[in-house]
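So you can see what is in the structure, the chains are spelled out below.
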Amino acid sequence: MEIVRSQRRTPAAADVALTLPLYRSAPELQIRLEDFELFAVDRLRVLKGISDGLSRGKKPDEVETLVRDLWKSNMSQPQASEVINKDIISHFVLRLVYCRTEELRKWFLSMETTLFRYRFRLKSSEVQRALMAEFDLPYKAVSNAEFENVKEKLGQVADSIGPKKKSMPNADTIFYKVPFEEVPELVAGRRVFLLKGYAYVAMNQVSSLVVTRFRSHLSKALVLTNRKWTSTIREREADRLTPIVESLSTSYLGPDYSQPREFAEISLKDIDQVAKSSFPLCMRHLFEKLREDHHLKHGGRMQFGLFLKGVGLKLDDALAFWKAEFSRKIGAERFDKEYAYGIRHNYGKEGKRTDYTPYSCQKIISSTPGVGDHHGCPFRHFSEENLRAALGKMGVGNRPMEDVMDKVRNRHYQLACTLTFEAVHGSSCDAGINHPNQYFIDSQKILQKVIPFIIFQDPWSNFPHGDYGKIGQMLTMSSSSIYFDMDLTLCRIIPHCRGAVRQGKGVFSEMTSRVLVIFAVAMLDPTCVQAGRL
Amino acid sequence: MTGEEAGNGRDDMLIDGCEPEPPQENAVPDGFNADYLKVYYGKLFPHDDMFRWMSYGNDGKHPGCDQSYFGRREFSFTLDNDIYLRFQSFNSASDMEKSINEKCPFKIDIGPVYNVDPAKRHAYAQAGDNGFTPVERELVFDVDITDYDDVRYCCSGADVCLDCWPLMTVAIKVIDSGLRDDFGFNHILWVYSGRRGVHCWVCDGKARRLNNEQRAAIADYFRVYKGNENSQKKVTLTGHALHPFLARSYSEVLQKFFEGKLLCSQKLFSHEERFEKILEMIPDETATSELRGKWQESRRTSISKEDINIARWGTLKKTLHLRSKKVLGLGRCVEEIVFSYAYPRLDMEVSKHMNHLLKAPFCIHPKTGRVCVPIDPDCCEEFDPTTVPTLAKLLGELNMGVMRSDGNDEWDKTSLGKSVRYFRSYFLQPLLKSCKLEPLWCSNETAYNVLVLFSCALHSSIEEMDGVKGPAFCVFDTLMVGQERWD
């Protein structure tokens, strides 16, 4: 099928392909193994950057700038011909990487499509038209007579989406009449006029058409690639490409948290305590509502249930947990009949028997909670008032609260959550929050990092024994960032403090962590250091 | 259920102290149980019509029929004791009828058509991700009156009365007109869900083959109400004009309904608590405090004969109109209020995914005993959920009918007759007719255009060719590149 197309390709279109390839066929190139991986990693950086930008709710023009910058900084090559090769090679390598599961395909498809859309938008209109020709889009411009019939409606649509002044369409504006299925995103945003199954697409919206084609082509290609991968490539390349491919997908997307790791297993009796200390706001909220109403609607059950699974709640405990709440409202019998199935389903024990993965921030942020729903991302879906109240309840102080609200206003929901994490734990979170289960794990890591507090270690052996009690007092008074056992045998240190220590005294860079604890104690009370007591 | 339990039912009534009514001739006591249901499935449920619907013309004798089509459809049964049987499939009408009669499901759900027989799905599941996957499904919508609980004061939860039911009528009108006029769909079936809402089945070939993204796009096109439990403003309308679809919905349905009916039936302005809810939606302190002042005053000195709700709504509109000249962002406020109260609230998830199950028409709702009958969108105002036939009523009618005459269609003698006749003549027949028009070798509407194109070419009719050129070329493309274009 590729041959049929390339024969019909006009010279102009071939030139265009040089700047924005449509990735219709795999390149016949020899490539070095390290380039194979390097190129892929560079492209992944671009896609990951886009993914982050989208989950922060960036506006289209912001994404456009983002895409341009990402592309420039990651995909540039000294030679023009190498640029296009790198583009094509990296795309096809990532196809292999991301063809292997539904979840991976979905992510890749969505990111590559976004990348393509913005690269397309950045092209001149000649190039755009040539690309349309390349796709063989069969649409004809709406004739003048037809335009007159719908002119008023087209004006109404333009007014509903844009600023009033320049938007009135006139006979010079080119409109294409296309089946609505071809422009789902324009339909979803009510950005086109629809009449009897056809959408009237303005010239400046045409990227949507091309993108839909691109997307459906890639979607099918990914399925085919997957088939090839499972049937032949994986075996054949077991020693060469397979390890690279398999590691690439996890290195950037991060773990899927479907299997609880490090702090595996929580038990029912711990849930309340753990929820208080380590659940992100979205899950706390669901947990509270469940306790309050003894019910959650489907979206909430999915979001919270899968999170709990990722946290390490075993199926039996999960059933007991949900039952305990639900049965208070609807009775145990109805719970067994109507809801137990869904919980077993989440654990892969019913229906398709897929082991479902907990929702990521991106998925939660883009969800659309409706009437009676409590799921979603509080930073996005709560009103300001409700959000402030919820944050206050979590113990976020005034100043950090304003920082959080500032991020929310700029639609940086994950950053807002990260700041909340930092405020609650008194510790930095450099990686940022991308997944509720990551929030949980990071939180647990901090809370469980129990370090023996041995005061007799040098170089502070001169720290007078008699002051133990004082240190204890100091700690409990001064900050939430250090949890201190009054018997002075255990102390929990937080990375944030470690950083402070390093800044304060470079000399101690080689200190073991337990010594750092002691120093952190001193840092909490600077007068102590100044006085030269340490 | 056994006779023993039926007996218990009667005992209860005696305990309650109400003497059972002297039984009318052949009357059947109210209720819902497996015995009743067996009779219903055996004598009244329109098995044949359901089969013909779900076959979409693939049950004929012509060689082009896809004989496997009906057999790849998932049905799902919920049995008496809440046992849930998914992935049921049937090879023929009699196969389906037999199974329904035997298992006597309390609820029948209809799922998608898969690429292979759902009963054999395990054999294909190993073949990778696409071994067992849905390929066709009606575009469906679900509107539930419980989602309107914050704007109706007459009932809450699953209860419905004639004061709040019109919200459903409005939903039907708005969505139905959008589906027909904007999306160009023709074969649309609206069904009473048996208790608290309505379902909609869009059955055009084009609708059945939409992918999930396209379904989501349509659902989003209809989505205006974006409230969740933790946000305040539920509807936000921006821009200098309303999109033509919203403008039409507003001027043709919502405004009239809100002002002519909802205002008074729900007494939206009669109590402080209620009008405060509306004032909350106005982002202008001056206007709200002015209105609040007036209304608290007038409560004491109410002399006007005009309905208080209508009067206050009038005042609100006037005030906002004046203020909107001074304050930005007030221009759309009146519309936003109307949309918040009256615009349909869809259960989005149901529409977005191909593999969502939806209860079949003509099921009986176990709680109400009412039949899930079709609703004619052209006279949906006349639909009254409180008079929908119940299982017991139908069985009573059946008993009478048996004595009167005999015929093939038992339902014709009952009050179900009207519904089945509507289903047949307004929905099923036009649908099957359109299925016949679809070419047999490739059931896709664009393919039909190819035939037209061929015949046009034969007759050298260039003008006619122009009309179909676009989509038809798509199909040429498809033919040339094999299956590439198919999802």
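Residues numbered from 1 in each chain as written. Chains lettered and ligands numbered in written order. Predicted model: local features only at pLDDT ≥ 70, side-chain atom pairs only at ≥ 80, totals over all residues. Heavy atoms only, no water.

Undergrad: Would you take a moment to explain the overall build of chain A for this structure?
TA: Per the secondary structure count, chain A includes 28 helices and 6 strands. Evaluated residue by residue, chain A yields a buried proportion of 50% over its 534 residues. Within chain A, counting contacts between residues at least 6 apart in sequence, those at least 24 apart form 68% of the total. Carbon and sulfur atoms make up 51% of the accessible area of chain A, which amounts to about 25400 Å² in all. (Helix = DSSP H or I, 4+ residues; strand = E, 2+ residues; numbered from the N terminus. Buried < 20%, exposed > 50% of the residue type's maximum accessible area, 1.4 Å probe, protein only. Contact = heavy atoms within 4.5 Å. Areas by Shrake-Rupley, 256 points an atom, 1.4 Å probe, with all protein chains shown as cover.)

Undergrad: Before we go on, may I ask you to explain the packing of helix α14 (residues 281–293) of chain A against helix α16 (residues 315–330) of chain A in this structure?
TA: Axis angle and axis distance: for two packed helices, these are the angle between their axes and the distance between the axes, and together they describe the pair. Residues and elements named next belong to chain A. Where α14 meets α16, the closest approach of the two axes is 8 Å, and the angle between their N-to-C directions is 40 degrees. When the axes of α14 and α16 are compared, the pair comes out oblique. Residues F287, L290, R291 and D293 of α14 form the contact with α16, whose participating residues are F321, W322, E325, F326 and K329. Taken together, the residues of the contact of α14 with α16 sort by class into 5 nonpolar, no polar and 4 charged. (Axes fitted to C-alpha atoms, helices over the stretch in contact; angles between N-to-C directions. Parallel < 35°, antiparallel > 145°, perpendicular 65-115°, else oblique. Nonpolar A, V, L, I, M, F, W, Y, C, P; charged D, E, K, R; others polar.)

Undergrad: Please clarify how the confidence of the model for chain B should be interpreted in this entry.
TA: In low-pLDDT regions, the fine details of the predicted coordinates are not to be read closely. Residue and element names in this part refer to chain B. Residues of chain B with pLDDT of at least 70 account for 80%, and the chain-wide mean is 82. Confidence, expressed as mean pLDDT per element, reaches its minimum in chain B at helix α18 (residues 462–480) with 38 and its maximum at strand β6 (residues 188–192) with 98. Below pLDDT 50 for its whole length, residues 1–23 participates in 7 contacts with residues either more than four positions away or in separate chains. Contacts for the low-pLDDT stretch residues 440–487, under 50 throughout, to residues beyond four places or in other chains number 64 contacts. Confidence metrics for the complex model read pTM 0.70 and ipTM 0.82. (pLDDT = per-residue confidence, 0-100.)

Undergrad: It is not clear to me how the domain arrangement of chain B should be interpreted in this structure. Could you clarify?
TA: Accessible area lost upon the coming together of the parts is a frequently used measure of interface size. Residues and elements named next belong to chain B. Taken domain by domain, chain B consists of domain 1 (28–224 + 345–450) and domain 2 (230–343). With centres defined by C-alpha atoms, the gap from domain 1 to domain 2 works out at 37 Å. Each side of the interface is counted separately: domain 1 has 21 residues, and domain 2 has 23 residues. The junction of domain 1 with domain 2 conceals about 2000 Å² of combined surface from both sides, 60% of it contributed by carbon and sulfur atoms. Where domain 1 packs against domain 2, one counts 1 salt bridge. Where domain 1 packs against domain 2, one counts 9 residue pairs in polar contact (both at pLDDT 80 or more). Partitioning the side of domain 1 that touches domain 2 into residue classes produces 12 nonpolar, 2 polar and 7 charged. (Domains from an automatic or database assignment. Buried area = accessible area lost by both parts, 1.4 Å probe. Salt bridge = Lys/Arg side-chain N within 4 Å of Asp/Glu carboxyl O. Polar contact = N/O pair within 3.5 Å; in protein donor to acceptor, adjacent residues only side chain to side chain.)

Undergrad: Please clarify how the domain arrangement of chain A should be interpreted in this entry.
TA: All names here are of chain A. Assigned domains of chain A: these are domain 1 (11–122 + 213–248), domain 2 (134–205), domain 3 (268–444) and domain 4 (449–533). If you look at the interface, domain 1 gives 10 residues, while domain 3 gives 9 residues. Summing both sides of the interface, domain 1 and domain 3 together bury roughly 790 Å²; the carbon and sulfur share of this comes to 39%. At the junction of domain 1 and domain 3, the tally comes to 0 salt bridges.

Undergrad: Just checking my understanding: could you explain the packing of aromatic side chains for this structure?
TA: Within a pair of aromatic rings, the relevant descriptors are the distance that separates the centres and the angle that separates the planes. Tallied over the full model, the rule gives 62 aromatic pairs over all chains. A centroid spacing of 5.9 Å and a plane angle of 90 degrees characterise the contact between F180 of chain A and F185 of chain B, whose relative ring orientation is edge-to-face. With F180 of chain A in the loop between β1 (175–179) and α10 (184–188) and F185 of chain B in the loop between α6 (166–182) and β6, this pair bridges two chains. For the pair shown, F180 of chain A and F185 of chain B are each scored as buried. Taking the centre distance of 5.5 Å and the plane angle of 40 degrees together, the rings of F339 of chain B and Y343 of chain B count as tilted. The same class applies to F339 of chain B as to Y343 of chain B, namely buried. An aromatic cluster of three or more residues is present, and its members are F279, F287, F304, F307, F321, W322, F326, F335, Y339 and F440 of chain A. Sitting above the plane of the Y198 of chain A ring, K177 of chain A keeps its charged end 5.0 Å from the centroid. (Phe/Tyr/Trp six-rings, centres within 6.5 Å; stacked < 30°, edge-to-face > 60°. Lys NZ or Arg CZ within 6 Å of the ring centre and 35° of its normal.)

Undergrad: Help me understand helix α4 (residues 93–103) of chain B in this model?
TA: Every α-helix winds through 3.6 residues per turn, so residues three or four apart in the chain are directed the same way. All names here are of chain B. Among all positions of α4, only A93, M96, S99 and I100 are buried. The buried residues of α4 occupy one face: seen down the axis, they fall within an arc of 135 degrees. In α4, the exposed positions that point more than 90 degrees away from the buried face belong to S94, K98 and E102. Buried residues along α4 sit against α2 (34–44), α3 (47–55), β1 (73–78) and β3 (107–114). Positive phi shows up at C104, right after α4, with a value of about 50 degrees. (Arc of directions from axis to C-beta.)

Undergrad: Please clarify how the UniProt feature "binding site: [4Fe-4S] cluster" (unreviewed entry) in chain A should be interpreted in this entry.
TA: All names here are of chain A. When the UniProt feature table is mapped onto this chain, "binding site: [4Fe-4S] cluster" (unreviewed entry) is found at C282, C361, C377 and C417. The greatest C-alpha distance among the annotated residues, which extend across 136 residues, is 9.8 Å, indicating that they converge on a single site. Structurally, the position occupied by C282 is in helix α14. The buried category is assigned to C282, whose relative accessible area is 11%. Excluding its chain neighbours within four sequence positions, the residues that come into contact with C282 are Q303, G376, P378 and P436. (UniProt positions renumbered as here; feature names shortened; annotations may be inferred.)

Undergrad: Just to check I follow, could you spell out the sheet that holds strand β2 (residues 193–195) of chain A for this structure?
TA: Hydrogen bonds between backbone groups are what pair the strands of a sheet, and the pairing can be parallel or antiparallel. Residues and elements named next belong to chain A. Spatially, β1-β3-β2 is the arrangement adopted by the 3 strands of the open sheet, whose pairing is antiparallel. Of all strands in the sheet, those with a lone pairing partner are β1 and β2, marking the two edges. Each neighbouring strand pair of the sheet contributes to a mean axis angle of 30 degrees, computed without reference to strand direction. The pairing of β2 with strand β3 (residues 198–202) spans 3 bridges and is classified as antiparallel. When the sheet's bridge partners are listed, L194 is paired in β3 with A199. Along the sheet face, helix α8 (residues 144–161) touches β1, β2 and β3 and points at about 135 degrees away from the line of β2. (Pairing = 2+ DSSP bridges.)

Undergrad: For this particular structure, what's the right way to read the interface of chain A and chain B?
TA: With 56 residues of chain A at the contact, the number on the chain B side is 55 residues. For the chain A and chain B pair, buried surface summed over both sides reaches about 4700 Å², with 52% attributable to carbon and sulfur atoms. Our count for the chain A to chain B interface comes out at 5 salt bridges. At the boundary of chain A with chain B, the tally comes to 11 residue pairs in polar contact (both at pLDDT 80 or more). Among the secondary structure elements, those contributing two or more residues to the side of chain A that touches chain B are α1 (2–8), α6 (102–122), α8, α10, β2, α11 (206–236) and α21 (384–394) of chain A. Element by element, the count of residues in the side of chain A that touches chain B is highest for α11 of chain A, at 7 residues. A breakdown of the residues in the side of chain A that touches chain B according to their chemical character gives 19 nonpolar, 15 polar and 22 charged.

Undergrad: Please explain the environment of A247 of chain B as it appears in this structure.
TA: If you trace the backbone, A247 of chain B turns up in helix α9 (residues 244–265). According to the relative accessible area criterion, A247 of chain B is buried, its value standing at 18%. When the C-alpha positions of A247 of chain B and V28 of chain B are compared, they lie 49 Å apart, and in sequence the two are 219 residues distant. In contact with A247 of chain B, other than residues within four places in its own chain, are Q156 of chain A together with L242 of chain B.

Undergrad: I tried to follow the side chain of R121 of chain B on my own but got confused; where do I start?
TA: Residues and elements named next belong to chain B. Topologically, R121 is positioned in helix α5 (residues 121–125). Buried charge without a salt bridge: R121, with D117 as the nearest opposite-charge side chain at an N-O distance of 7.6 Å. A polar side-chain atom of R121 sits 3.0 Å from the main-chain carbonyl oxygen of P118. If near-sequence neighbours (up to four positions away) are discounted, R121 is found in contact with F87 and F132. (Lys, Arg positive; Asp, Glu negative; His and termini not counted.)

Undergrad: So what exactly am I meant to see when it comes to the nonpolar core here?
TA: If you look at soluble globular proteins, the nonpolar side chains tend to sit buried side by side. Core analysis: the largest hydrophobic core is formed by 197 residues, its most contacted members being Y40, W53, F185 and F222 of chain B. If one sorts the elements of this core by residue count, α9 of chain B sits on top with 10 residues. One finds L290, F321, A340 and I365 of chain A within the second-largest nonpolar core, a separate group that totals 59 residues. (Core = buried A, V, L, I, M, F, W, Y, C linked by side-chain atoms within 4.5 Å.)

Undergrad: How should a negative patch on the surface be read in this particular structure?
TA: On the surface, D48, D59, E97 and D409 of chain B cluster together into a negatively charged patch. Its place among the elements puts D409 of chain B in the loop between α15 (391–404) and α16 (417–437). (Patch = residues over 30% accessible without salt bridge, like charges linked within 9 Å, V, L, I, M, F, W, Y side chains within 5 Å. Charge placed at Lys NZ, Arg CZ, Asp CG, Glu CD.)

Undergrad: Looking at this structure, how should I read the sheet that holds strand β7 (residues 197–202) of chain B?
TA: Residues and elements named next belong to chain B. Across the sheet, which stays open at both edges, the 4 strands sit in the order β5-β7-β6-β9 with antiparallel pairing between neighbours. Of all strands in the sheet, those bounded by a partner on one side alone are β5 (139–144) and β9 (374–375). In terms of strand pairing, β5 meets β7 through 6 bridges, oriented antiparallel. The residue of β7 that forms the bridge with D144 is G197.

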